[in-house]
Amino acid sequence: EKHGYVSDDDSIKEIMVTIHKGLEGETLEIPVKPSMPFASIMQSLLLQMTADPSLSAILSSEGIKIETTEDLLEYHSQGACIFATLVLSVQKMALRQVVEELMMPESEFRGHRHVLSRYPKGITYKDV
């Protein structure tokens, strides 16, 4: 049995998918239909997470990046935790911001290292 099904129309099921954000255990629910383009899901997610248009998001579960609606729904149906990570592309950052990020305190660096450790082996900084 799949989790979180709701529907206005019996022929088109909408699934409420729980997304975990941040390290404090916060979650949000996003409605997903199997026919939805993944880009639309990500756009909806970003609108709920941030007002900053320079940010993008990455979804992952069990250390694997989620890139399709089908994969998102598969992880959800298995009851796996799905995580959203906000990302700011270096290309969109001012030089001052890049310098500030590189000068982060040790505790923040350990937090970044923890998040990156959840990605699959072989992934490079360019993939992130």
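Residues numbered from 1 in each chain as written. Predicted model: local features only at pLDDT ≥ 70, side-chain atom pairs only at ≥ 80, totals over all residues. Heavy atoms only, no water.

Chemist: Go over the overall build of the protein, please, and point to the residues and values.
Modeler: Tallying secondary structure elements over the protein gives 4 helices and 6 strands in all. Counting from the amino terminus, helix and strand elements in the protein follow one another as β-β-β-α-β-β-α-β-α-α. Taking all 128 residues of the protein together, 27% fall into the buried category. Within the protein, counting contacts between residues at least 6 apart in sequence, those at least 24 apart form 47% of the total. Carbon and sulfur atoms make up 55% of the accessible area of the protein, which totals about 8800 Å². (Helix = DSSP H or I, 4+ residues; strand = E, 2+ residues; numbered from the N terminus. Buried < 20%, exposed > 50% of the residue type's maximum accessible area, 1.4 Å probe, protein only. Contact = heavy atoms within 4.5 Å. Areas by Shrake-Rupley, 256 points an atom, 1.4 Å probe, with all protein chains shown as cover.)

Chemist: Kindly report on a nonpolar patch on the surface, identifying the contributing residues and their values.
Modeler: Taken together, the side chains of L95, V99, L102 and M103 define a hydrophobic patch exposed on the protein surface, amounting to about 490 Å² of accessible area. If you trace the backbone, M103 turns up in the loop between α3 (95-102) and α4 (106-117). Overall, the relative accessible area of 64% leaves M103 in the exposed class. (Patch = residues over 30% accessible without salt bridge, like charges linked within 9 Å, V, L, I, M, F, W, Y side chains within 5 Å. Salt bridge = Lys/Arg side-chain N within 4 Å of Asp/Glu carboxyl O.)

Chemist: Before we move on, could you go through helix α2 (residues 69-77) and cite the residues and values that matter?
Modeler: Of all the positions in α2, only T69, L72, L73, Y75, H76 and S77 are classed as buried. Just past α2, the residue G79 takes up positive phi, approximately 80 degrees.

Chemist: A description of unusual backbone geometry should follow, citing residues and the corresponding values.
Modeler: Unusually for a residue other than glycine, E62 sits at a positive phi of about 55 degrees. Within the secondary structure layout, E62 lies in the loop between β4 (55-61) and β5 (64-66).

Chemist: Run through the confidence of the model for the protein, naming residues and quoting values.
Modeler: For the protein, mean pLDDT is 83; residues scoring 70 or higher make up 85% of the total. The secondary structure element of the protein with the lowest average pLDDT is strand β1 (residues 5-9), at 46, and the one with the highest is α2, at 96. Overall, residues 5-10 carries pLDDT values under 50, and its contacts beyond four positions in sequence, including any with other chains, amount to 8 contacts. (pLDDT = per-residue confidence, 0-100.)

Chemist: Can you break down the pattern of salt bridges residue by residue, with the values?
Modeler: Under the definition given, this model contains 4 salt bridges. K65 is paired through a salt bridge with E67; the nearest N and O atoms lie 3.8 Å apart. For K65, a relative accessible area of 32% corresponds to the partly exposed category. Between R96 and E100 there is a salt bridge, and its shortest N-O distance comes to 2.9 Å. Of this pair, R96 and E100 both sit in helix α3, 4 residues apart, which is roughly one turn of the helix. R96 sits in the exposed class, given a relative accessible area of 55%.

Chemist: So, the nonpolar core: which residues are in play, and what are the values?
Modeler: Membership of the largest hydrophobic core comes to 21 residues, with the highest contact counts inside it found for V17, I19, I30, L45, L59, L72 and I82. Put simply, the parts of the chain that give this core at least two residues each are β2 (12-21), β3 (26-32), α1 (38-49), β4 and α2. Looking at which element gives the most residues to this core, the answer is α1, with 6 residues. The residues contacting I82, other than those within four sequence positions of it, are V17, T18, I19, H20, L59, S60, S61, I66, L72, Y75 and H76. (Core = buried A, V, L, I, M, F, W, Y, C linked by side-chain atoms within 4.5 Å.)

Chemist: Requested: an account of the pairing of β4, with residues and values cited.
Modeler: Counting buried positions along β4 gives 6 out of 7 residues, so the element sits mostly inside the fold. As judged from the 6 bridges shared by β4 and strand β6 (residues 83-88), these two strands associate in the antiparallel manner. Each bridged residue has a counterpart across the sheet, and for A57 the counterpart in β6 is L86. Hairpin connection from β4 to β5: 2 residues lie between these consecutive antiparallel strands, with E62 at a positive phi of about 55 degrees. (Pairing = 2+ DSSP bridges.)

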